[in-house]
Amino acid sequence: MINIVLFGPPGSGKGTQAQNLIEKFNLKQISTGDLFRYNMKNDTALGILAKSYIEKGELVPDQVTIDMLIDELKKPCDAEGYIFDGFPRTAYQTEALETIVREVLNSSIDICLSLVVDDEILVERLLKRGETSGRKDDSNKEIIANRIAEYYSKTAEVAELYKQQGKYVEINGVGDIAEISEKLFAEVAKLKNKSSLQD
Ligand code: C5P
Ligand code: MG
């Protein structure tokens, strides 16, 4: 089993690249943002709560997100591992993920692949996506600025934690989508080789 944290600021391409990675390596994508949006669309209690944060560009409280993630991970799954897209977003979530993956999957996080993109490009990309995504948090400059501010104040430190564990790899997230995918594929292939040598 291979478990990947796909990391990066909003608009860095995590969702797009997760899609390519799941096909290539038979993984399951868990996007906490998508799960929130599904709940918002269906007006569940969780959706209504999450909406009050998401529409301001703020992070939903850790425990709410963590409980949702646990429910998702407990679902039967015949993939060969997971891609966590948009989670963890805080140091607390990072520690929780380690415990959850151990307790629910009897496994661990293998790597944090980090997509690096300049802020200016992020804003451009998110506004452009907002033209078609119907996402309120993509269509307003102030909300976007707040999401990026949340990233620096609460999420960036997640990278430090994976660096300390020797699990952190940065990839330039600007350029041709397929070329970026190839670089990500190469990192995952390296990991798979290493684990097959250990078996
Ligand atoms: O990951 P994505 O950018 O789709 O997330 C959209 C929004 O969902 C975030 O801006 C944030 O408000 C919320 N979110 C969160 N905690 C997470 C993931 C998403 O609060 N771990
Ligand atoms: Mg996304």
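Model, not experiment: these values are computed from the prediction. The numbers attached to residues start from 1 for each chain and follow its sequence in the written order. Labels follow written order: the first chain is A, the first ligand is 1, and so on. pLDDT decides what is reported in this predicted model: residues at 70 or higher carry local features, side-chain atom pairs at 80 or more are listed and counted, and totals for whole chains, interfaces and linings draw on all residues regardless. Computation of side-chain values covers all heavy atoms of the structure but excludes hydrogens and water.

### So, the UniProt feature "binding site: ATP" (unreviewed entry) in the protein
And then number 1: Look at the UniProt record and you will see "binding site: ATP" (unreviewed entry) annotated at Gly11, Ser12, Gly13, Lys14, Gly15, Thr16, Arg129 and Gly175. Lining the largest cavity, from the residues just named, are Lys14.
And then number 2: Position of glycine 11 among the secondary structure elements: in the loop between β1 (2-7) and α1 (14-25).
And then number 3: Any two residues whose heavy atoms approach within 4.5 Å are treated as being in contact. Apart from residues no more than four positions distant in its own chain, glycine 11 is found in contact with Leu122, Arg125 and Leu126. UniProt positions are given in the numbering used here, feature names are shortened, and annotations may be inferred rather than shown by experiment. Two kinds of site are reported from a 1 Å grid over the protein atoms alone, namely cavities, where a 1.4 Å probe fits but cannot get out, and pockets, open sets with protein on both sides within 12 Å along at least five of seven lines, and residues are called lining when an atom falls within 4 Å of a point. We count a stretch as a helix when DSSP gives it H or I for four or more residues in a row; a strand needs E for two or more, and each element gets its number in order from the N terminus.

### What about the sheet that holds strand β3 (residues 81-85)?
And then number 1: What the 5 strands build is an open sheet, ordered β2-β3-β1-β4-β5; its pairing is parallel. A single partner strand is all that each edge strand has here, and the edge strands are β2 (28-31) and β5 (168-172). When strand polarity is set aside, the average angle formed by the axes of neighbouring strands in this sheet is 25 degrees.
And then number 2: By definition, two strands form a pair when at least two bridges between them are found by DSSP. Inspection of the sheet shows β1 paired to strand β4 (residues 111-116) by 4 bridges, in the parallel sense. Between the N-to-C directions of two axes lies an angle of 0 to 180 degrees, each axis being a line fitted to C-alpha atoms and, for a helix, fitted only over the stretch in contact.

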